[in-house]
Amino acid sequence: MPHTKRNKQITDVVFVWDIALSVLATYLAFEIPYELITHHPPVNFLLTLNLFTSCVFIADIVIRFRQPSPQQIHAGHSRQIIAWDYLKSWFVPDLLAAVPFELFFMSVGNFGFAMLLCAFRLCKIFRVMSFQATWEFKIKLNNAVMRLIFFVYFLVLFMHWLALGWMKIQHMNSDPHLLHAYILALYWCTTTVTTIGYGDITPNKDKTIELVYTIFAQLTGAGSFGYIIANISTLLTNIDIVKTRHRERVDRVDNYMKSKKMPKDLVDRVHHYYHYLWSTRRGYDDAVVLSELPESFRYEFALFLNKNIIEKVPMFKDADPAMIKEILVYLKPCLFAPGDSICTHGDIGDEMFFINKGAVEVLSKDGRHVYATIKEGGFFGEIALLLKQPRNATIRAVGYCDLYSLNKASFDRVIADYPDFEQHIQTMVAERIKQQQH
Ligand code: CMP
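Going along each chain's sequence as written, the residues are numbered from 1 onward. Only residues with pLDDT of at least 70 get local features here, since the model is predicted, and only at 80 or more are side-chain atom pairs given and counted; chain-wide, interface and lining totals rely on the full set of residues. To obtain the side-chain values, all non-hydrogen atoms of the structure were used and water was disregarded.

1. Structural notes on the overall build of the chain
For the chain, the helix and strand inventory stands at 20 helices and eight strands. Compactness check: the chain gives a C-alpha radius of gyration of 35 Å against a globular reference of 22 Å for 438 residues, more than 25% above the reference. The buried label goes to any residue with under 20% of its type's maximum accessible area, the exposed label to any with over 50%, and the partly exposed label to all in between, with areas taken from a 1.4 Å probe on protein chains only. The 438 residues of the chain split such that 39% are buried. We call two residues in contact whenever any of their non-hydrogen atoms come within 4.5 Å of each other. In the chain, the proportion of contacts linking residues at least 24 apart, taken out of those at least 6 apart, comes to 71%. The Shrake-Rupley method, run with a 1.4 Å probe, gives the accessible areas here. Residue values count only the displayed protein chains as cover. Counting only carbon and sulfur atoms, one obtains 64% of the accessible surface of the chain, whose full area is about 25000 Å². Averaging the coordinates of the 45 positive side-chain charges in the chain and doing the same for the 42 negative ones gives two points 1 Å apart. Helix numbering and strand numbering both begin at the N terminus, where a helix is a DSSP run of H or I of at least 4 residues and a strand a DSSP run of E of at least 2. C-alpha atoms define the radius of gyration in this analysis, and the globule rule sets the expected value at 2.2 Å times the number of residues to the power 0.38. None of His or the chain ends enter the tally, which takes Lys and Arg as positive and Asp and Glu as negative. Lysine's charge is taken at NZ, arginine's at CZ, aspartate's at CG and glutamate's at CD.

2. Thoughts on the side chain of Thr-53
Within the secondary structure layout, Thr-53 lies in helix 2 (residues 44-66). In this structure Thr-53 comes out as buried when scored by relative accessible area, which is 0%. Contact partners of Thr-53, with chain neighbours within four places excluded, come to Leu-24, Tyr-27, Leu-28 and Arg-121.

3. What to know about the pairing of strand 1 (residues 332-336)
Of all five residues that make up strand 1, four are buried, and the element is covered over most of its length. Whether two strands pair comes down to DSSP finding at least two bridges between them. By the bridge criterion, five bridges tie strand 1 to strand 8 (residues 401-407) in an arrangement that is antiparallel. In the sheet register, Cys-334 faces strand 8, and the bridge partner there is Leu-403.

4. Focus: the sheet that holds strand 6 (residues 379-380)
The strands making up a sheet associate through hydrogen bonds between their backbones, and the pairing can be parallel or antiparallel. Spatially, the four strands line up as an open sheet ordered 1-8-3-6, and their pairing is antiparallel. Looking at the sheet topology across the chains shown, the edges are occupied by strand 1 and strand 6. With two bridges connecting them, strand 3 (residues 351-357) and strand 6 associate as antiparallel partners. Within the sheet, the bridge partner assigned to Phe-354 lies in strand 6 and is Phe-379.

5. Comments concerning the nonpolar core
Throughout, nonpolar core names a set of buried Ala, Val, Leu, Ile, Met, Phe, Trp, Tyr and Cys residues whose side chains join them through atoms within 4.5 Å. If you look at the biggest cluster of nonpolar residues, it comprises 27 residues, and the most contacted ones within it are Phe-57, Ile-125, Val-128, Trp-135, Phe-150 and Phe-154. At the level of elements, helix 1 (3-38), helix 2, helix 5 (91-98), helix 7 (111-118), helix 8 (124-138) and helix 9 (143-169) are the ones that each hand at least two residues to this core. Excluding residues within four positions of it along the chain, Val-128 makes contact with Ser-22, Ala-25, Phe-150, Tyr-153 and Phe-154.

6. Some details on the pairing of strand 4 (residues 360-363)
The pairing of strand 4 with strand 5 (residues 370-374) spans four bridges and is antiparallel. Bridging across to strand 5, Glu-361 finds its partner in Thr-373. Taken together, strand 4 and the strand that follows it, strand 5, pair antiparallel across an intervening segment of six residues, in which Gly-367 is found at a positive phi of about 80°. Direction of pairing for strand 4 relative to strand 7 (residues 394-397): antiparallel, over a ladder of four bridges. Within strand 7, the residue paired with Val-362 across the bridge is Ile-395.

7. Notes on the packing of helix 2 against helix 5
The contact between helix 2 and helix 5 brings their axes to 8 Å, and the two run at 155°. Taken as axis vectors, helix 2 and helix 5 run roughly antiparallel relative to one another. The hand of the helix 2/helix 5 crossing is left-handed. Contacts between helix 2 and helix 5 involve Ser-54, Phe-57, Ile-58, Asp-60, Ile-61 and Phe-65 from the former and Phe-91, Asp-94, Leu-95, Ala-97 and Ala-98 from the latter. Looking at the contact of helix 2 with helix 5, its residues break down into eight nonpolar, one polar and two charged. All axes are obtained by fitting lines to C-alpha atoms, using only the stretch in contact for helices, and the reported angles, taken between N-to-C directions, cover 0 to 180 degrees. Oblique is the label for any angle not covered by the other classes, which are roughly parallel (under 35 degrees), roughly antiparallel (over 145) and roughly perpendicular (65 to 115). Should the near helix be turned anticlockwise from the far one by less than a right angle, the crossing is left-handed, and should it be turned clockwise, the crossing is right-handed. For this scheme, ten residues count as nonpolar: Ala, Val, Leu, Ile, Met, Phe, Trp, Tyr, Cys and Pro. Four count as charged, namely Asp, Glu, Lys and Arg, and the remainder, Gly too, count as polar.

8. Comments concerning the sheet that holds strand 2 (residues 341-343)
Read across the open sheet, the four strands follow the order 2-7-4-5; overall the sheet is antiparallel. With partners counted over all chains shown, the strands left at the sheet margins are strand 2 and strand 5, one partner each. Averaged over all adjacent pairs, the angle separating strand axes in this sheet is 30°, with direction ignored. Bridge analysis of strand 2 against strand 7 gives two bridges, and the strand direction is antiparallel.

9. A look at unusual backbone geometry
Phi angles above zero are rare outside glycine, and His-171 is one such case at about 55°. Of note, His-171 is situated in the loop between helix 9 and helix 10 (178-193).

10. A closer look at a nonpolar patch on the surface
A surface patch of nonpolar side chains, amounting to about 330 Å² of accessible area, comprises Tyr-187, Ile-196 and Tyr-198. Residue position: Tyr-187 is located in helix 10. Here the term patch refers to residues with relative accessible area over 30% and no salt bridge, with like charges joined within 9 Å and nonpolar side chains (Val, Leu, Ile, Met, Phe, Trp, Tyr) within 5 Å. Every case where a carboxyl oxygen of Asp or Glu lies within 4 Å of a side-chain nitrogen of Lys or Arg is listed as a salt bridge.

11. Describing the site of the ligand
Around the ligand there are 16 residues in total, and Gly-381, Glu-382, Arg-391, Asn-392 and Gln-436 lie nearest to it. Between an oxygen atom of the ligand and a side-chain N or O atom of Arg-391, the distance comes to 2.7 Å. Alone, the ligand offers 450 Å² of accessible surface; in the complex the protein occludes 98% of this. Contributions of two or more residues to the shell around the ligand are made by strand 5, helix 18 (382-387) and helix 20 (419-437). Here a residue counts as near a molecule or strand whenever at least one of its heavy atoms sits within 4 Å of it. Under this definition, polar contacts are N or O atom pairs within 3.5 Å; protein pairs additionally need one hydrogen-donor-capable and one acceptor-capable atom, and for neighbouring residues in sequence, both atoms have to be side-chain atoms.

12. Some details on the environment of Arg-147
Mapped onto the secondary structure, Arg-147 falls in helix 9. Arg-147 gets classed as partly exposed once you look at its relative accessible area, which sits at 29%. When the C-alpha positions of Arg-147 and Asn-231 are compared, they lie 7.9 Å apart, and in sequence the two are 84 residues distant. What Arg-147 contacts, discounting residues up to four positions off in sequence, is Gln-132, Glu-136, Tyr-227 and Asn-231.

Following this line, the structure appears as structure tokens:
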């Protein structure tokens, strides 16, 4: 099996395993503090679940000693390095979270102490925090959405702990109606943390601990909500970042044209151009995207992006595959608006073009005579390159034209390497020149 495919399968299994761990860690993070505060021994079912959690956490330790993290998979670390890295980082918290303290201390009858030690088991929740970066990459959600989900998750957990703390200092933890007491504490927590503060449940002004606890809840609450609001606003801006950027680009050009009092006709053409750019390419400029990529990717991208031109240009259909591959890498996509002059008679030509979409007209020097119309799959601009002479006609875009250009240096290289290509171009040149002379 190819290495990358196997790595992907491993990463998928690790991802599912991490989710299972997170569910169990979340269960413990809710359950254990509740038991601690209320001094309620877990019922049999929960005790079994706690023990099951321990087993899974122990299995996790064994796995982590051998299993590389997603980053290590790609770095190709050895078994020893993986084990040593794990020992130095998560081993201790993972071990503390895995020990079934409740089983040991219950057997000697010291349940309170057992529950206190069980607090160590909350260490696993820090592990969930460490999954965030991997999950952001794995679940292809907007980063801001992911951050928000994680933040809300930890806020809910924090509110649960805060509510339990409030129960403790208000001595509500021995209330016969525990559930009601808990909901009341949670209600106080929500109104305080969200800074709503109805004032119906307030700290006793004579009790310092209650006042300090309330200040703590208010401060952390204000901070958390500020963070959530900031994230939501980033989220809204980022929801369609590409469209926002495109709009900003258009606005900038628009303002510029206004400030220079450009003629309405030109402004309209520019607007149309951007509209076309958005509807056909989502505002992306292939050349800019390619220039940002490392060399290896650029080659693969170019091959993929330019491959449809092969089917369109008859000259390429039966050509040498090696030549096609070479040309594909040299081709640069470019776009012209209706009426644009792509080549001007008498100019020095330093590139030729292949038509991917649209059509162009071949015009005489004065623009009055149309020699020919070249359509999808055709090419032009080769005469100047081959005969090393100025352009012998003007080329005008009929509608929007998606073209691929091949510069002179690349053209010369392909011609030198592939005589068939040169032969084909030469035949075409002779035909065109003859046609012009008639
Ligand atoms: P070049 O001279 O570089 O620039 C203008 C181009 O118009 C020219 O190359 C040819 O590719 C193209 N051209 C000139 N005459 C004709 C014709 N009769 N039919 C089609 N294309 C032509």
